[in-house]
Protein chains: 2
Amino acid sequence: MAYAILDEGLVAHVGIETTNGVIVMPMTYARLGNDVILHGAAASRWLGSLETGTPICVRVTLLDGLVLARSAFAHSMNYRSLVAFGAVTVVTDAQGKRAAFEALLEHLVPGRWDDTRQPNDKEIAATTVLSMPILEASVKIRTGPPKDAARDYELPCWAGVVPLAIRSDTAMADPMMPGERAVPAYAVDYRR
Amino acid sequence: MAYAILDEGLVAHVGIETTNGVIVMPMTYARLGNDVILHGAAASRWLGSLETGTPICVRVTLLDGLVLARSAFAHSMNYRSLVAFGAVTVVTDAQGKRAAFEALLEHLVPGRWDDTRQPNDKEIAATTVLSMPILEASVKIRTGPPKDAARDYELPCWAGVVPLAIRSDTAMADPMMPGERAVPAYAVDYRR
């Protein structure tokens, strides 16, 4: 289930300790086996603070629905949430970095990699890639209808679940693209 | 802009330092003036560790779109992200807790509060409410089409933005609800 949540999520919220306290950063990511792959510009100051061995906390939260109960108190959300702990390894070999690039892009938009110009040496050098083998993880899930107090079930208000998902609107072509090109299938009715 | 992001977001990712390191928790929240309001079960161990004065980091990330570039390297996301820092205050007075309940529910589903049975003393006692006055905040935003390297613009692949939003599917009535009741307007075509 931990892997399934990681594979479905779009952005991870990564917590690290800095000299100024805790900071939480939103990052795209990918899973390669038991490793969470993260990346960013090599010039990034915050990323540069993550050396091999730095402990981090990776949280991925999938929002599945609003749970509308009869009492304000019993309102909730349906969700699947994963938290994983480990220490980062800075990936330095070009082959490992290339594999990370592919995993990151295919995680974001499955099918996109083969349509793109793949990274050159300069781009690979300009990117910091981190790998976090998952040492410890836990999953929390809520599903199903509201759970109201027994006597609240006679109240007249509507109760139930409003399912939620991240969905796409119509793709917007880059104005710099000459002429008309068909929108690729993976960019239509995208859903996470 | 910081307030607008807070008001549009659904879930905050809250980072705190524990004796076992950093942990990031997903939490529903609300904004009341310059305060971020959080809550949870009084029995919750993790929430109990947040005493008045505990520093926390609150991150809210709105995912606005996938940015499909010509090169793998230039792929990105459009987003608006807020990070806020401060220290929590435990809200103990019943009136403040009631106001927090209303703000939290109206943040989640605007219009819902008046349709629900409002919290009683027992429920208020069973809930820990935290307020974090925002001491420091910063916002990061990406918008617009991909930015490819100059010579990549002649490549034949489709490029552009796939807009994203959190949207609802058809509401599912609680099976425990007797007979048919109209789905309230706020539960139809919900979008964040």
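Provided above is the structure to which this section pertains.
Residues numbered from 1 in each chain as written. Chains lettered and ligands numbered in written order. Predicted model: local features only at pLDDT ≥ 70, side-chain atom pairs only at ≥ 80, totals over all residues. Heavy atoms only, no water.

**Q** Just checking my understanding: could you explain the interface of chain A and chain B for this structure?
**A** Size of an interface: often given as the accessible area lost when the parts come together. In this complex, chain A contributes 79 residues to the contact, which on the side of chain B involves 79 residues. Where chain A abuts chain B, roughly 6600 Å² becomes buried across the two surfaces, and 64% of that area is made up of carbon and sulfur atoms. If you look at where chain A meets chain B, you find 8 salt bridges. Between Asp 174 of chain B and Arg 70 of chain A there is a salt bridge, and its shortest N-O distance comes to 2.9 Å. Put simply, chain A and chain B have 39 residue pairs in polar contact (both at pLDDT 80 or more) between them. (Contact = heavy atoms within 4.5 Å. Buried area = accessible area lost by both parts, 1.4 Å probe. Salt bridge = Lys/Arg side-chain N within 4 Å of Asp/Glu carboxyl O. Polar contact = N/O pair within 3.5 Å; in protein donor to acceptor, adjacent residues only side chain to side chain.)

**Q** Which parts of the structure should I look at to understand the environment of Thr 143 of chain B?
**A** Within the fold, Thr 143 of chain B resides in the loop between strand E9 (136-142) and strand E10 (160-168). The spacing of Thr 143 of chain B and Ala 42 of chain B is 101 residues in sequence and 40 Å in space, taken between C-alpha atoms. (Helix = DSSP H or I, 4+ residues; strand = E, 2+ residues; numbered from the N terminus.)

**Q** Would you mind going over the nonpolar core with me for this structure?
**A** Inside soluble globular proteins, nonpolar side chains tend to come together where they are buried. Core analysis: the biggest nonpolar cluster contains 55 residues, and Val 14 and Ile 56 of chain A together with Val 14 and Ile 56 of chain B have the highest contact counts within it. Setting aside residues no more than four positions away along its own chain, Val 14 of chain A makes contact with Ile 23, Val 24, Met 25, Met 27, Leu 38, Trp 46, Ile 56, Cys 57 and Val 58 of chain A together with Val 24 of chain B. In this structure, Leu 108, Trp 158 and Val 162 of chain A together with Tyr 186 of chain B belong to the second largest nonpolar core, which totals 38 residues. (Core = buried A, V, L, I, M, F, W, Y, C linked by side-chain atoms within 4.5 Å. Buried < 20%, exposed > 50% of the residue type's maximum accessible area, 1.4 Å probe, protein only.)

**Q** What is the right way to read helix H3 (residues 94-108) of chain A from this model?
**A** Because an α-helix completes one turn every 3.6 residues, residues spaced three or four positions apart along the sequence face the same direction. Between the first and last C-alpha of H3 of chain A there are 21 Å, a value that for 15 residues agrees with the 21 Å anticipated at 1.5 Å per step. Within the sequence span of H3 of chain A, burial applies to Lys 97, Ala 100, Phe 101, Ala 103, Leu 104, Leu 105, His 107 and Leu 108 of chain A. (Expected span 1.5 Å × (residues − 1).)

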